[in-house]
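# Breakdown of the fold
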Amino acid sequence: AMSTQNLGIAQIVRPEIPVRKVRNVIFYVYDGFSWEDFAIARNYSHRHRGRTLALERLLSLGTTGSMLTHSLTSIVTDSAAASTAWSTGRRTANANLGVFPDGQELTTIVELAKSRNLATGLITSTRVTHATPAGFTVHFKDRNKEDEIAAQYLEIQPDVILGGGSRHFDPKIRKDERDLFGEFASKGYSVARTEAELDSLSGPKVLGTFTSTHLPFEIDRVHQNSDGPNLEQITRKGLQLLSGADNGFLAQVEAGRIDHANHNND
């Protein structure tokens, strides 16, 4: 079936988008990733690897479009406002997570998923309390208060949390000396803190923070033997755990260190 939209000057003919139910949603985030990054990566892969990017193949499937995620306060968004735009459909100020600037809480997609008994997961190469996963999940006005964001995760309880950032759960490092690792374990979570413990993680609820801060850049992990698993490893494990959910799942998977490399002009 085809439909037309009369714009007064010309008619655009477009195919109808079929509405169908899906069981699982995987929301991939390439944080800080611009079309310039895409062009550089695509050129490198074609010229030096002789093949297309996985991202190119992904974008060639199904329906694609674009979404503006600038914040209420700037056309240059930050990750908190951008992730909130994705997760709530509302714009907010930079640094705000799941709230308007006046503090009014917004309903996040993780909350909607949990209300429908879907499993939920946050998988990231950054600290798990960083702005992009937090924007899918919590209600907080300051993205930088990651100790408090970690405590909100305990209240909201996403089923799978995998990435870096153990310092925000560790009583030896937190200023309030609160043992969030122990508190998550008391809520039924399997807790892992090293790459060696990743494979043995079993669900349905898991918390894995494999480095004190972000996971290492992949080039450093490979060539400098930096500690920690990579995004592929934790994504495979996280999706394996989530795939056993009775009613399907919602997972955010973030390649967050692209953003950091761009900030560093690296």
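Please refer to the structure higher up on the page.
Residues numbered from 1 in each chain as written. Predicted model: local features only at pLDDT ≥ 70, side-chain atom pairs only at ≥ 80, totals over all residues. Heavy atoms only, no water.

## Regarding the overall build of the protein
Looking only at helices and strands, one finds 10 helices and 8 strands in the protein. Relative to the 2.2 N^0.38 estimate, which gives 18 Å for 266 residues, the radius of gyration of the protein is 20 Å and therefore close to what a compact globule would have. The buried share of the protein, reckoned over its 266 residues, is 44%. Within the protein, contacts between residues at least 6 apart in sequence are counted, and of these 58% link residues at least 24 apart. (Helix = DSSP H or I, 4+ residues; strand = E, 2+ residues; numbered from the N terminus. Rg over C-alpha atoms; globule rule 2.2 N^0.38 Å. Buried < 20%, exposed > 50% of the residue type's maximum accessible area, 1.4 Å probe, protein only. Contact = heavy atoms within 4.5 Å.)

## Regarding the environment of proline 101
With respect to the secondary-structure elements, proline 101 resides in the loop between helix H3 (79–88) and helix H4 (109–115). Those residues in contact with proline 101 that sit more than four places away from it in its chain are Leu72, Thr92, Ala93, Asn96 and Lys141.

## Observations regarding the pattern of salt bridges
By the definition in use, this model includes 10 salt bridges. Taking the shortest distance from any N to any O, the salt bridge between arginine 127 and glutamate 146 comes out at 2.7 Å. With arginine 127 in strand S4 (residues 119–127) and glutamate 146 in helix H6 (residues 146–156), the pair connects residues that are 19 residues apart, well separated along the chain. Considered together, arginine 127 and glutamate 146 belong to a single accessibility category, that of buried residues. Across the pair arginine 178 and glutamate 183 runs a salt bridge whose closest N-O atoms are separated by 2.7 Å. A residue is classified by how much of its surface remains accessible, and arginine 178, at 30% relative accessible area, is partly exposed. The class for glutamate 183 is partly exposed, based on a relative accessible area of 24%. Through salt bridges with shared partners, a single network forms among Asp147, Arg174 and Asp176. (Salt bridge = Lys/Arg side-chain N within 4 Å of Asp/Glu carboxyl O.)

## Describing the packing of aromatic side chains
Counted according to the given criterion, the structure contains 8 aromatic pairs. With centroids separated by 5.5 Å and ring planes inclined at 45 degrees, the aromatic side chains of tyrosine 30 and phenylalanine 33 adopt a geometry described as tilted. On the basis of relative accessibility, which here comes to 26%, the residue phenylalanine 33 falls in the partly exposed class. Judged by centre distance (6.2 Å) and plane angle (85 degrees), the ring pair of phenylalanine 33 and phenylalanine 38 falls under edge-to-face. What makes phenylalanine 38 buried here is its relative accessible area of 14%. Grouping aromatic residues by their ring pairs yields a cluster made of Tyr30, Phe33, Trp35 and Phe38. The ring of phenylalanine 217 has arginine 257 lying over it, and the distance from NZ or CZ to the ring centre is 3.8 Å. (Phe/Tyr/Trp six-rings, centres within 6.5 Å; stacked < 30°, edge-to-face > 60°. Lys NZ or Arg CZ within 6 Å of the ring centre and 35° of its normal.)

## Considering the sheet that holds strand S8 (residues 249–255)
Overall, parallel pairing links the 6 strands, which are arranged S3-S8-S4-S5-S7-S6 in an open sheet. Each edge of the sheet is formed by a strand with only one pairing partner; in this case those strands are strand S3 (25–30) and strand S6 (190–192). Within the sheet, the average angular offset between the axes of one strand and its neighbour, ignoring direction, is 5 degrees. As judged from the 4 bridges shared by strand S5 (residues 160–164) and strand S7 (residues 206–209), these two strands associate in the parallel manner. What sits directly across from glycine 163, in S7, is threonine 209. In the packing of helix H9 (residues 231–242) onto the sheet, the strands contacted are S3, S4, S5, S7 and S8, and the crossing angle to S4 comes to about 170 degrees. (Pairing = 2+ DSSP bridges. Axes fitted to C-alpha atoms, helices over the stretch in contact; angles between N-to-C directions.)

## Considering a nonpolar patch on the surface
Together, Ile26, Tyr28, Tyr30, Leu58 and Leu61 line one region of the surface with nonpolar side chains, adding up to about 450 Å² of accessible area. No other element matches the 3 residues that S3 contributes to the nonpolar patch. In this fold, tyrosine 28 is placed in strand S3. Overall, tyrosine 28 belongs to the partly exposed group, its relative accessible area being 39%. (Patch = residues over 30% accessible without salt bridge, like charges linked within 9 Å, V, L, I, M, F, W, Y side chains within 5 Å. Areas by Shrake-Rupley, 256 points an atom, 1.4 Å probe, with all protein chains shown as cover.)

## Considerations on unusual backbone geometry
Note that the residue after glycine 203, namely proline 204, is joined by a cis bond; omega there is 10 degrees. One non-glycine residue, asparagine 117, lies in the positive phi region at around 60 degrees. Look at glutamine 157: it is not a glycine, yet its phi comes out positive at around 60 degrees. Its place among the elements puts glutamine 157 in the loop between H6 and S5.

By themselves these figures say nothing about function.
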